[in-house]
Each structure stands twice: as C-alpha cells, then as structure tokens.
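Working through the structure, step by step
Each chain, written out:
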Amino acid sequence: KAGVTQTPRYLIKTRGQQVTLSCSPISGHRSVSWYQQTPGQGLQFLFEYFSETQRNKGNFPGRFSGRQFSNSRSEMNVSTLELGDSALYLCASSLTGGHTEAFFGQGTRLTVV
Amino acid sequence: EDQVTQSPEALRLQEGESSSLNCSYTVSGLRGLFWYRQDPGKGPEFLFTLYSAGEEKEKERLKATLTKKESFLHITAPKPEDSATYLCAVQANTGNQFYFGTGTSLTVIP
C-alpha cells in the first residue's frame with residue numbers, strides 16, 4: 001500500500017514569489033491536512049480538506065491557501081513568500097480525519113531566500 | 001485553549017537504560033491522543049493512538065499509557081535505533097485538527 005507522497009521534496013524560492021506544493025494521500029483516504037514544521041514552533045496546523053472542502057483552518061495568514069481535488073489529491077499554495085515561510089511542510093492523510101490515525105508524507109523542504 | 005506540552009525536550013540514554021517521556025495536555029474533550037516518531041528529514045511515523053484514560057498500547061520496546069491529563073511513552077531497554085524525536089498530538093472532540101507538542105529528542109548511546 002503506497003504511502004503519502006509529497007512533491008517536490010525540496011524547493012528554493014525568492015522572497016515575493018509564490019509556490020505550490022502537492023500531496024497525494026493514501027488510496028481511500030479522504031482527509032488531507034497540512035502542517036508547517038519549524039525548529040522553534042514545532043508542527044503547526046495549516047488546514048484540513050475533506051471531500052474537496054476545507055473543513056478546518058489554523059491561524060495562518062491568507063497567503064496560505066489550499067485545495068483538494070476529486071481524487072483527494074491536495075495542493076497548498078503560498079503567495080508573496082517571506083523569509084519566515086522557510087520550513088518543512090508536511091501533509092497528512094487519514095480515512096475521515098476524525099478519530100482515525102493520520103499518516104504523514106516525507107514533507108517538502110521550502111527555503112525562501 | 002487546547003495545548004500539548006512534552007518533557008523533557010531532550011533525553012540521552014545509555015543503551016538498555018529504560019526511561020519515560022511525558023506528554024501533558026489540556027483539551028476540551030479528548031477524541032484521541034497520538035504518538036509519532038520522527039527521524040531527521042522525514043515525516044512523522046505513526047506509533048500509537050489512545051482514546052481513554054487507563055488505556056495502554058505496546059509495540060516492541062515502546063509502551064504508551066494515558067491518564068486524564070497526560071500520557072507517557074515508556075521505552076524499555078532502548079537501542080541506538082530508537083534515537084529519534086517523539087511527538088505527541090491530541091485531537092479534540094471539536095474539530096479534526098491535531099495539536100502537536102514540540103517533541104522529545106531521544107538519543108540512545110551504544
């Protein structure tokens with residue numbers, strides 16, 4: 001059974017640019033959540049999508065957005081990148097998002113210069 | 001406010017020296033408490049889910065327990081390959097997001 005796949009694994013962008021990250025969940029999983037991980041803050045919740053709808057949202061600015069497609073694949077977009085957006089972005093998939101385990105991808109390491 | 005605190009931040013053990021990691025939480029109605037292991041440069045790997053006080057789960061040298069306010073991850077006779085960061089997360093009854101602690105970095109010395 002294939003795991004959660006995130007692409008790309010590494011990304012270097014310049015301040016002010018935008019970026020799109022992709023996440024393919026485990027087959028059959030309908031919930032996809034995104035997290036930002038930094039050394040100082042740990043894992044912080046960005047948002048969760050379920051059946052193409054955003055179901056929960058964390059405390060991040062509107063520059064962070066996402067979407068989910070009918071095949072449950074999800075994308076996350078960050079516009080007007082700032083140096084502080086440099087982080088490991090993790091995607092987690094679960095069957096329903098509630099009361100079930102979440103399985104994480106390897107993450108996308110974003111560096112903003 | 002829902003919150004998760006893990007202690008200690010870092011722990012160094014000799015191979016075979018058993019110990020426990022702590023995860024204390026405040027949440028408005030616990031749906032589940034989750035333990036993950038994270039190796040450098042990788043995503044967290046799921047270990048256990050605990051749902052109610054008194055519950056225990058075991059896997060190889062790891063045993064997780066849950067009370068109404070905290071969870072412990074007991075590591076018995078650890079080996080160097082157990083070295084990793086161990087993350088604790090809780091999920092509240094309201095909403096589906098996970099609240100993560102900042103983790104305990106475990107180093108097991110041969």
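1. Things to note about the overall build of chain B
Looking only at helices and strands, one finds 0 helices and 11 strands in chain B. N-terminal to C-terminal, the α/β element order of chain B is β-β-β-β-β-β-β-β-β-β-β. For 110 residues, the compact-globule formula gives about 13 Å, and the C-alpha radius of gyration of chain B, at 13 Å, lands near that figure. Considering only C-alpha atoms, chain B reaches an extent of 45 × 30 × 20 Å along its principal axes. Classification of the 110 residues of chain B by burial places 47% in the buried group. In chain B, the share of contacts with a sequence separation of at least 24, taken over all contacts with a separation of at least 6, comes to 55%. Of note, chain B has its 11 positive side-chain charges centred 3 Å away from the centre of its 14 negative side-chain charges.

2. What to know about the overall build of chain A
The secondary structure content of chain A amounts to 0 helices and 11 strands. Starting at the N terminus and ending at the C terminus, chain A contains elements arranged as β-β-β-β-β-β-β-β-β-β-β. Computed over the C-alpha atoms, the radius of gyration of chain A is 13 Å, within 12% of the 13 Å expected from 2.2 N^0.38 for a compact globule of 113 residues. For the C-alpha atoms alone, the extent of chain A along its principal axes is close to 35 × 25 × 25 Å.

3. Some points on unusual backbone geometry
Going from Thr7 of chain A to Pro8 of chain A, the amide bond is cis rather than trans, its omega being -10°. Tracing the backbone shows Pro8 of chain A in the loop between β1 (5-7) and β2 (10-13). In this model, Ser51 of chain A sits at a positive phi of 50°, which is unusual for a non-glycine residue. Within the secondary structure layout, Ser51 of chain A lies in the loop between β5 (42-50) and β6 (53-57). One non-glycine residue with positive phi stands out, namely Ala77 of chain B, at about 45°.

4. Here we look at the interface of chain B and chain A
In this assembly, 19 residues from chain B lie in contact with 22 residues from chain A. Both sides together, the interface formed by chain B and chain A hides about 1700 Å², and carbon and sulfur atoms give 55% of it. One can count 0 salt bridges joining chain B with chain A. Where chain B packs against chain A, one counts 4 residue pairs in polar contact (both at pLDDT 80 or more). Elements represented by at least two residues in the side of chain B that touches chain A include exactly β4 (30-38), β5 (45-50), β9 (84-92) and β10 (98-100) of chain B. The biggest single contributor to the side of chain B that touches chain A is β4 of chain B, with 4 residues.

5. A look at the sheet that holds strand β1 (residues 3-7) of chain B
Working definition: the strands of a sheet are paired by backbone hydrogen bonds and lie parallel or antiparallel to each other. Residue and element names in this part refer to chain B. Read from one edge of the open sheet, 5 strands run β1-β3-β8-β7-β6, paired in antiparallel fashion. Only two strands of the sheet have a single neighbouring strand rather than two, namely β1 and β6 (56-59). The sheet shows a mean angle of 15° between the axes of neighbouring strands, direction not considered.

6. Here's the deal with the packing of aromatic side chains
Counted according to the given criterion, the structure contains 12 aromatic pairs over all chains. Arranged with centres 5.6 Å apart and planes meeting at 70°, the rings of Phe47 of chain A and Tyr49 of chain A form a pair that is edge-to-face. One exposure class covers both Phe47 of chain A and Tyr49 of chain A, and it is buried. Relative to Tyr36 of chain B, the ring of Phe104 of chain A has its centre 5.3 Å away and its plane inclined at 90°; by these criteria the two rings are edge-to-face. One end of the pair, Phe104 of chain A, is in strand β10 (residues 103-104); the other, Tyr36 of chain B, is in strand β4, on a second chain. Note on Tyr36 of chain B: relative accessible area 0%, which makes it buried. One aromatic cluster is present, formed by Tyr35, Phe45, Phe103 and Phe104 of chain A together with Phe34, Tyr36, Phe46, Phe98 and Phe100 of chain B through successive ring pairs. Arg55 of chain A extends its terminal NZ or CZ atom over the ring of Phe50 of chain A, reaching a point 4.2 Å from the ring centre.

Rules of the game
Residues numbered from 1 in each chain as written. Chains lettered and ligands numbered in written order. Predicted model: local features only at pLDDT ≥ 70, side-chain atom pairs only at ≥ 80, totals over all residues. Heavy atoms only, no water. Helix = DSSP H or I, 4+ residues; strand = E, 2+ residues; numbered from the N terminus. Rg over C-alpha atoms; globule rule 2.2 N^0.38 Å. Buried < 20%, exposed > 50% of the residue type's maximum accessible area, 1.4 Å probe, protein only. Contact = heavy atoms within 4.5 Å. Lys, Arg positive; Asp, Glu negative; His and termini not counted. Charge placed at Lys NZ, Arg CZ, Asp CG, Glu CD. Buried area = accessible area lost by both parts, 1.4 Å probe. Salt bridge = Lys/Arg side-chain N within 4 Å of Asp/Glu carboxyl O. Polar contact = N/O pair within 3.5 Å; in protein donor to acceptor, adjacent residues only side chain to side chain. Pairing = 2+ DSSP bridges. Axes fitted to C-alpha atoms, helices over the stretch in contact; angles between N-to-C directions. Phe/Tyr/Trp six-rings, centres within 6.5 Å; stacked < 30°, edge-to-face > 60°. Lys NZ or Arg CZ within 6 Å of the ring centre and 35° of its normal.

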